Amino acid sequence: MILLRDPSKRIAWQLRDDDPGVPTANSWGIFGGWIEPGESRRAAAIREVKEELSVELDPSQLDYLGVFEIYPEVNAYVYSYLILDGLREAVLHEGQAFAFLSAAEWKG
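Residues numbered from 1 in each chain as written. Predicted model: local features only at pLDDT ≥ 70, side-chain atom pairs only at ≥ 80, totals over all residues. Heavy atoms only, no water.

## Quick notes on the packing of aromatic side chains
No. 1: The full count for this structure, using the stated rule, is two aromatic pairs.
No. 2: Each ring, one from Phe31 and one from Phe98, has its centre 6.5 Å from the other, and the planes form 70°; the classification is edge-to-face. Taken together, the positions of Phe31 in the loop between strand 3 (28-29) and helix 1 (41-53) and Phe98 in strand 6 (residues 97-101) put the pair 67 residues apart, joining distant regions of the chain.
No. 3: You can call Phe31 buried: its relative accessible area is 0%. (Phe/Tyr/Trp six-rings, centres within 6.5 Å; stacked < 30°, edge-to-face > 60°. Helix = DSSP H or I, 4+ residues; strand = E, 2+ residues; numbered from the N terminus. Buried < 20%, exposed > 50% of the residue type's maximum accessible area, 1.4 Å probe, protein only.)

Structure (structure tokens):
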């Protein structure tokens, strides 16, 4: 998983697809996905952003935040990346939408 953050400390959130068979359908979450066999956690984070947004990240700018249990016995390896251009060139390939939100906006 990767926290794409902007200089204003907002985080990019992805509105998941409208798929009734998926528990996270129509919910907001951060970008990310599963690690493929033989792939490093860092490479997986970079690949997921490219697949989901068509955005190439500089691996040297990726900051590891830690590992967090998100479901019983399922860990998420979380990275952070500073986005300077507001993802203006991004093309969303997965999900319904994305938006940068501050903590206040996220709370509602």
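After that view of the structure, there is still more to cover.
## Overview of the side chain of Glu52
No. 1: In this structure, Glu52 sits in helix 1.
No. 2: Not counting residues up to four positions away in its chain, the partners in contact with Glu52 are Gln14, Phe31, Gly32, Val91, Leu92, His93 and Glu94. (Contact = heavy atoms within 4.5 Å.)

## Describing the environment of Leu53
No. 1: Assignment of secondary structure puts Leu53 in helix 1.
No. 2: Accessibility expressed as a relative area gives 0% for Leu53, which makes it buried.
No. 3: C-alpha separation for the pair Leu53 and Phe98, spaced 45 residues apart in sequence, amounts to 9.4 Å.

## Quick notes on the environment of Ala43
No. 1: Along the polypeptide, Ala43 turns up in helix 1.
No. 2: As for Ala43 and Pro59, which are separated by 16 residues in sequence, their C-alpha atoms are 8.1 Å apart.

## As for the pattern of salt bridges
No. 1: Under the definition given, this model contains seven salt bridges.
No. 2: Arg10 serves as the salt-bridge partner of Asp6, at 2.6 Å between the closest nitrogen and oxygen.
No. 3: A salt bridge links Glu56 to Lys50; the nearest nitrogen and oxygen atoms lie 2.7 Å apart. (Salt bridge = Lys/Arg side-chain N within 4 Å of Asp/Glu carboxyl O.)

Remember that the coordinates give geometry; whether it matters functionally is a separate question.
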